[in-house]
Amino acid sequence: ATAPDLAGRHVVVSAGGTREPLDPVRYLGNRSSGKQGYALARAAAARGARVTLVEANTGLPDPAGVDVVHVGTAVQLREAVLKAVADADAVVMAAAVADFRPAVYAPGKIKKKGDDGAPVVELVRNPDILAELSADRALPGQVVVGFAAETDDVLANGREKLARKGCDLLVVNEVGERKTFGSEENEAVVLAADGAETPVPYGPKEALAETVWDLVLPRLRPTD
Ligand code: C5P
């Protein structure tokens, strides 16, 4: 049996990928499956935590014993996460949040006009939720964890991102054929703000989830 080492703790996990609507039938999206976030939520629940899972567009069934909040867009995900972290000991941002959204939402379907020509879609920046959670901790000592998918200079880019976002831990994945997006497996290095680096060999997303909680555990504020 799993040790209930997260008993008495509330943790928040975001999972999936946001969709940013262009019109009633189209959106800008990404290829996140949500599997890693769900593995994190299930693992924390099995270790005794109260878990709030903020889910965006995964289509996955709600895990047993987890409070699930369903959202669509980055703005909605931010609202739900900020609400959930008010009394949380830790938050893990596993969701792929769109960096940009269309500047305007067309209330009617965008149509072709004439034989050629195409509309230009103007984008605006979405809020960086991870950076905001890290800068304005809802509770002192709240542990903030981010994810980063990189294609090259994985460690150097990861270190830079960890510092820029201000989180405590950053799980850096190399995006590849058999790993990360949509796959059951992952391979990662977990970078810590204190300089620690924990490589996680290629394996099931459940194993990476356990390692993340193992690394969160000693960083949690003492319980009173
Ligand atoms: O900057 P990048 O998108 O690579 O950072 C990834 C990390 O930041 C993930 O943890 C993701 O959940 C989070 N993120 C966020 N808000 C954004 C973009 C990314 O919280 N607008």
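On a predicted model such as this, the values are computed, not experimentally measured, just so you know.

Conventions used here
Numbering of residues begins from 1 in every chain and follows the order in which that chain's sequence is written. This being a predicted model, a pLDDT of at least 70 is required before a residue's local features are given, and a value of 80 or more before pairs of side-chain atoms are given or counted; all residues contribute to the totals for chains, interfaces and linings. Being near a molecule or strand means, for a residue, that its backbone-placed C-beta atom lies within 6 Å of it. For the purposes of this entry, the term helix denotes a DSSP run of H or I that reaches at least four residues, the term strand denotes a run of E that reaches at least two, and both are numbered from the N terminus. UniProt positions are given in the numbering used here, feature names are shortened, and annotations may be inferred rather than shown by experiment. Any residue surrounded by 20 or more other C-beta atoms within 10 Å of its C-beta is treated as buried, while 12 or fewer makes it exposed and the intermediate range makes it partly exposed; C-beta atoms here are placed from the backbone. Each residue gets a C-beta atom placed from its backbone, and two residues are in contact if those atoms lie within 7 Å. DSSP bridges decide pairing: two strands pair if at least two such bridges lie between them.

**Notes on the site of the ligand**
- If you check the shell around the ligand, you find A74, M93, A95, V97, D99, N126, D128, I129, L130, G146, F147 and A148 and nothing else.
- Mapped by element, the contributors of at least two residues to the shell around the ligand are α3 (129-135) and β9 (143-150).
- It is β9 that provides the largest number of residues to the shell around the ligand, a total of 3 residues.

**A closer look at the UniProt feature "binding site: CTP" (unreviewed entry) in the protein chain**
- UniProt records the feature "binding site: CTP" (unreviewed entry) for D99, K109, P127, D128, I129, L130, F147, K161 and K165 in the present numbering. Spatially, the listed residues are scattered: they cover 67 residues, and their C-alpha atoms lie as much as 37.6 Å apart.
- A tally of 25 C-beta atoms within 10 Å means that I129 is categorised as buried.
- Those residues within four positions of I129 in sequence are excluded, and the remaining contacts are L77, R78, V81, M93 and V97.
- With respect to the element layout, K161 can be found in helix α4 (residues 154-165).
- Taking the number of C-beta atoms within 10 Å as the measure of exposure, K161 has 19 and is therefore partly exposed.

**Digging into the pairing of β9**
- The buried count for β9 comes to 6 of 8 residues, which makes it a mostly enclosed element.
- As judged from the 4 bridges shared by strand β6 (residues 90-93) and β9, these two strands associate in the parallel manner. Within β9, the position partnered with V91 by the bridge is V144.
- Looking at chain direction, β9 and strand β10 (residues 169-174) are connected through 6 bridges and run parallel.

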